[in-house]
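As a plain string of letters, each chain reads:
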Amino acid sequence: MKQLKLKATLMLLILTSLMTGINPTLAQPNIVSVSYSWPTFDWGYGAEHGVQQPNPGEEIYVAASIEGADEAYIEYSTDGGTTWNIVNMSKITEPVVVRKTICWWILGGKNWKGIIPGQGMGTTVQFRVVAKGNGVTVKSNVQSVTYGWGYLPLIIGFVVVVIIIGGGLFYYYKKLHA
């Protein structure tokens, strides 16, 4: 009798899995990977050239591969983790390319995407992905990105060069016409 019950239970689990696409033995969601990018991120730049930073105001695109989740969202903080804001993530149903910087790919319906709003110059954003499923909540490790200064150093450098060249030309002109 026990063997019959066990066989019936196993058959029910297999049928449930086949009909719903849900693995009934999965006890909790599993965050497999988290990746992120922004519009000016240069994939060919490489880590050997130093840390890349988003420009002020650029959104951060977050993609996560999550198994067994019914819901996912991003928690992000701009004050060192004292307070956390929430951005909902959505399941990826088709490939999307965002400004040639990141691809959201479909892999068995387990991929999610979300966008953290752009922040000001010098702001450090800490973020993590939160997944809920089967009554369990799991969180990824906290990652952080610091916003750069954008074009401000270039502008300041250009102004300094113009002042130096202009000053040199003015001095030379005065010397010629003295």
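Residues numbered from 1 in each chain as written. Predicted model: local features only at pLDDT ≥ 70, side-chain atom pairs only at ≥ 80, totals over all residues. Heavy atoms only, no water.

Asks: So, the overall build of the chain: which residues are in play, and what are the values?
Replies: Counting its regular elements, the chain contains two helices and eleven strands. Starting at the N terminus and walking to the C terminus, you meet the elements of the chain as α-β-β-β-β-β-β-β-β-β-β-β-α. Per-residue burial over the chain gives 27% buried out of 178 residues. (Helix = DSSP H or I, 4+ residues; strand = E, 2+ residues; numbered from the N terminus. Buried < 20%, exposed > 50% of the residue type's maximum accessible area, 1.4 Å probe, protein only.)

Asks: Any details on the nonpolar core? Residues and values, ideally.
Replies: Judged by nonpolar contacts, the single largest core of 21 residues is most densely connected at Val62, Ile66, Ile74, Met89, Ile116, Phe127 and Val129. Counting residues per element, the ones that place at least two in this core are β2 (60–67), β3 (71–77), β8 (111–116) and β9 (124–133). With sequence-adjacent residues up to four places away left out, Met89 is seen in contact with Val62, Ala64, Ala72, Tyr73, Ile74, Trp112, Lys113, Gly114 and Val129. (Core = buried A, V, L, I, M, F, W, Y, C linked by side-chain atoms within 4.5 Å. Contact = heavy atoms within 4.5 Å.)

Asks: I'd like a description of the confidence of the model for the chain, backed by residues and values.
Replies: Summary statistics for the chain give a mean pLDDT of 74 and a share of 64% for residues scoring 70 or more. Put simply, helix α1 (residues 2–20) is where the chain has its lowest mean pLDDT, 48, and strand β4 (residues 85–88) is where it has its highest, 97. Confidence drops under pLDDT 50 across residues 15–26; counting only partners more than four residues distant or on other chains, this segment forms nine contacts. Contacts from residues 44–50, a stretch scored under 50 in pLDDT, to residues over four places away or in other chains number three contacts. (pLDDT = per-residue confidence, 0-100.)

Asks: Before we move on, can you summarise the packing of aromatic side chains with the specific residues and values?
Replies: In the structure shown here, the tally under the stated rule is zero aromatic pairs. Taking NZ or CZ as reference, Arg128 lies 4.0 Å from the ring centre of Trp84, over its face. (Phe/Tyr/Trp six-rings, centres within 6.5 Å; stacked < 30°, edge-to-face > 60°. Lys NZ or Arg CZ within 6 Å of the ring centre and 35° of its normal.)

Asks: Give a detailed account of the pattern of salt bridges, specifying residues and quantitative values.
Replies: For the structure on display, the rule yields two salt bridges. For Arg128, the salt bridge is made with Glu75, and the minimal N-O distance between the two is 2.5 Å. Of this pair, Arg128 sits in strand β9 while Glu75 is found in strand β3, placing the two residues 53 residues apart along the sequence. Between Glu75 and Lys139 there is a salt bridge, with its nearest N and O atoms 3.6 Å apart. Pair noted here: Glu75 is in strand β3 and Lys139 is in strand β10 (residues 136–139), with a separation of 64 residues, a long-range link. The class of Lys139 is partly exposed, set by a relative accessible area of 46%. Look at the salt bridges and you will find they share partners, linking Glu75, Arg128 and Lys139 into a network. (Salt bridge = Lys/Arg side-chain N within 4 Å of Asp/Glu carboxyl O.)

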